[in-house]
Amino acid sequence: MSLPEFKLLRPRTTAEAIALLAQHAGNIRILAGGTDLLPSMQQKLFAPQYLLDIRRIAGLKGIRQQPNGAVEIGALTALTAIEYSDLLRQHFPVLTEAAKTVASPVLRNMGTIGGNICLDTRCLWYNQSLQWRKSCAFCIKKDGDLCHVAPGGTKCWAVFSGDTPAALLCLDAEIEIASAAGIRRVKLAEFYTGLGDNYRKLAANELLTRLFLPPSSAGYRGVYRKLRIRGSIDYPLAGVAVVLKQSNGHISGHIEDIRVGLTAVNPAPVLVKGATELLAGRRMTEEWAEAAGVLAAQTAKPLTTSALTPEYRREMIRVFTKRAVLSLATET
Ligand SMILES: Cc1cc2nc3c(=O)[nH]c(=O)nc-3n(C[C@H](O)[C@H](O)[C@H](O)COP(=O)(O)OP(=O)(O)OC[C@H]3O[C@@H](n4cnc5c(N)ncnc54)[C@H](O)[C@@H]3O)c2cc1C
Ligand code: SF4
């Protein structure tokens, strides 16, 4: 499949990039690692006149600790750099765990954290060639007005399928977005709309520049569990991130705080509401871990957007959550 024609713009600074976005808004797309955007362009899901290649902007790369203990990560930082960051592994292990499950080593060398956060939502009926989509009838997300997944509805349910945002939600991450109008900083939890088609709150002239992990989220133990068909490369079909803090910082302690983030089972990554209320102050047992799993499964709303059934994906959310909570709270 060939790429549609486009003009490549290669700014060296963020200011230059923002000016180009303002100049061509609506007719330009941001290219970071290109690991999702370029295959999508080959499938003719996007055909922008301009591609803004931001890879030369050195200021958008890197992982830095701020004096107050917060950690700042440039949007263009490769997933491999996150996977192997000692600083992140020590203070925010759930993020390194999630990053190391993305795609494959080669794709993690190219793929960036910004691209992972901004990743397009996915669906069996959407991530296909132009010919394939045409022969089945175009759908709401691209060129049509019907949904094959929920026929009769007017909403798109394509599923958010990035791994790291589930971990970042658990860490209460914030993102910085720049445009010609200035800089805005928002909680990652407020970045996603919950709609499968118009899935993120990012205007055509805006660039994601950095993300921030607050010091209050440092020191939580964390794990990420992921369901996929091929363990070596695939997008998640269900993903669970869990972070946990216990009194005395020890597995014998009571649970002080727990956060559970889900991905690949809704049109947006989501935090499981009520997990802390359910478990705070308790000592972990098999029964409480099961209750956490049931709560997480109730938050997951998978539909037939992928190769595995919604029932199986929801069930695996329960199983992964239970196992993750239990292992974090009881294993050294
Ligand atoms: C075979 C295969 C397997 C994959 N498996 C996984 C997987 O298991 N888990 C997973 O999470 N992903 C997976 N991916 C997708 C992809 O590799 C990752 O999500 C990666 O992090 C995307 O980053 P990128 O820099 O390549 O993004 P790009 O492809 O460059 O961009 C993705 C989207 O983000 C936008 N964007 C990028 N950077 C910015 C920015 N700074 N500001 C605003 N918008 C921006 C782009 O315009 C585009 O819409 C897979 C891809 C392939 C091809
Ligand atoms: S959920 Fe429906 S509208 Fe959305 S991509 Fe899939 S088939 Fe299309």
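Now for a description of the structure that goes with this document. Every chain is numbered on its own, with residues counted from 1 as its sequence reads. To label them, take the chains in the order written and letter them from A, then take the ligands in the order written and number them from 1. Given that this is a predicted model, residues contribute local features only at a pLDDT of at least 70 and side-chain atom pairs are listed and counted only at 80 or more, while totals for whole chains, interfaces and linings are drawn from all residues. Water and hydrogen atoms play no part in the side-chain values, which are based on all heavy atoms of the structure.

1. Concerning the overall build of the protein
Step number 1: Within the protein, the regular secondary structure consists of 12 helices and 12 strands.
Step number 2: For the protein, the spread of C-alpha atoms along the three principal axes comes to 60 × 50 × 35 Å.
Step number 3: Here's how the labels work: a residue is buried when its accessible area is under 20% of the maximum for its type, exposed when over 50%, partly exposed in between, all with a 1.4 Å probe on protein chains only. Per-residue burial for the protein yields a buried fraction of 52% across its 332 residues.
Step number 4: A separation threshold of at least 6 residues defines the contact pool for the protein, and within that pool the share at least 24 residues apart is 63%.
Step number 5: Across the protein, the centroid of the 40 positively charged side chains sits 3 Å from that of the 28 negatively charged ones. By the criteria applied, helices consist of DSSP H or I runs no shorter than four residues and strands consist of E runs no shorter than two, each listed in order from the N terminus. We call two residues in contact whenever any of their non-hydrogen atoms come within 4.5 Å of each other. All tallies of charge rest on Lys and Arg as positive and Asp and Glu as negative; His and the ends of each chain are not included. Just so you know, the charge point we use is NZ for Lys, CZ for Arg, CG for Asp and CD for Glu.

2. Looking at the site of ligand 2
Step number 1: Here a residue counts as near a molecule or strand whenever at least one of its heavy atoms sits within 4 Å of it. Lining the immediate surroundings of ligand 2 are Cys-123, Trp-125, Tyr-126, Cys-139, Ile-140, Lys-141, Cys-147, His-148, Val-149, Cys-156, Trp-157 and Ala-158.
Step number 2: Within the shell around ligand 2, the residues separate by chemical class into 10 nonpolar, 1 polar and 1 charged. Each residue is assigned to one class: nonpolar for Ala, Val, Leu, Ile, Met, Phe, Trp, Tyr, Cys and Pro, charged for Asp, Glu, Lys and Arg, and polar for all the others, Gly among them.

3. Notes on the packing of aromatic side chains
Step number 1: Stacked, edge-to-face and tilted are the three classes for Phe, Tyr and Trp ring pairs, Trp counted by its six-membered ring, which pair at centre distances within 6.5 Å; planes under 30 degrees apart are stacked, over 60 edge-to-face, the rest tilted. Here the structure, examined in full by the defined rule, presents 3 aromatic pairs.
Step number 2: Taking 5.0 Å as the distance between ring centres and 55° as the angle between the ring planes, the aromatic pair formed by Phe-160 and Tyr-192 counts as tilted. Pair noted here: Phe-160 is in the loop between helix H8 (130-136) and helix H9 (164-170) and Tyr-192 is in the loop between strand S7 (182-187) and strand S8 (207-213), with a separation of 32 residues, a long-range link.
Step number 3: Under the relative-accessibility criterion, Phe-160 is labelled buried at 0%.

4. Things to note about the nonpolar core
Step number 1: Ile-73, Leu-95, Ile-117, Leu-168, Ile-175, Phe-191 and Leu-213 are the most contacted members of the largest nonpolar core, which has 41 residues in total.
Step number 2: Breaking this core down by element, the ones donating at least two residues are strand S5 (71-74), helix H3 (79-83), helix H5 (93-99), helix H7 (113-118), H9, strand S6 (174-179), S8 and strand S10 (238-246).
Step number 3: At 5 residues, the largest contribution of residues to this core is made by H9.
Step number 4: With residues near it in sequence (within four places) discarded, Ile-175 still touches Ile-117, Arg-184, Arg-185, Val-186, Leu-188, Phe-191, Leu-208, Arg-210 and Leu-211.
Step number 5: Take the buried residues of types Ala, Val, Leu, Ile, Met, Phe, Trp, Tyr and Cys, join any two whose side-chain atoms come within 4.5 Å, and each joined set is a nonpolar core. Within the second largest apolar cluster, 28 residues are counted, among which are Ile-255, Leu-279, Ala-289 and Val-325.

5. As for the site of ligand 1
Step number 1: Residues in contact with ligand 1 amount to 35 residues; listed here are only the nearest, Ile-30, Thr-35, Thr-112, Asn-116 and Asp-163.
Step number 2: Counted as a polar contact is a pair of N or O atoms within 3.5 Å, where, for protein atoms, one must be capable of donating a hydrogen and the other of accepting one, and residues adjacent in sequence contribute only when both atoms are in side chains. At 3.3 Å, a side-chain N or O of Arg-29 approaches an oxygen atom of ligand 1.
Step number 3: Ala-103 places a polar main-chain atom, nitrogen or oxygen, 2.9 Å from an oxygen atom of ligand 1.
Step number 4: Elements represented by at least two residues in the shell around ligand 1 include exactly strand S2 (28-31), H7 and S8.
Step number 5: For the shell around ligand 1, the leading source of residues is H7, giving 4 residues.
Step number 6: Of the residues contributing to the shell around ligand 1, the split by class is 18 nonpolar, 11 polar and 6 charged.

6. A look at the environment of Ile-57
Step number 1: Along the chain, the position of Ile-57 falls in the loop between strand S3 (50-53) and strand S4 (63-65).
Step number 2: Classification of Ile-57 by relative accessible area gives buried; the value is 1%.
Step number 3: Taking the C-alpha atoms as reference, Ile-57 lies 40 Å from Ala-275; in sequence the two are 218 residues apart.
Step number 4: In contact with Ile-57, not counting residues within four places along its chain, are Pro-11, Arg-12, Thr-13, Thr-14, Ala-17 and Leu-76.

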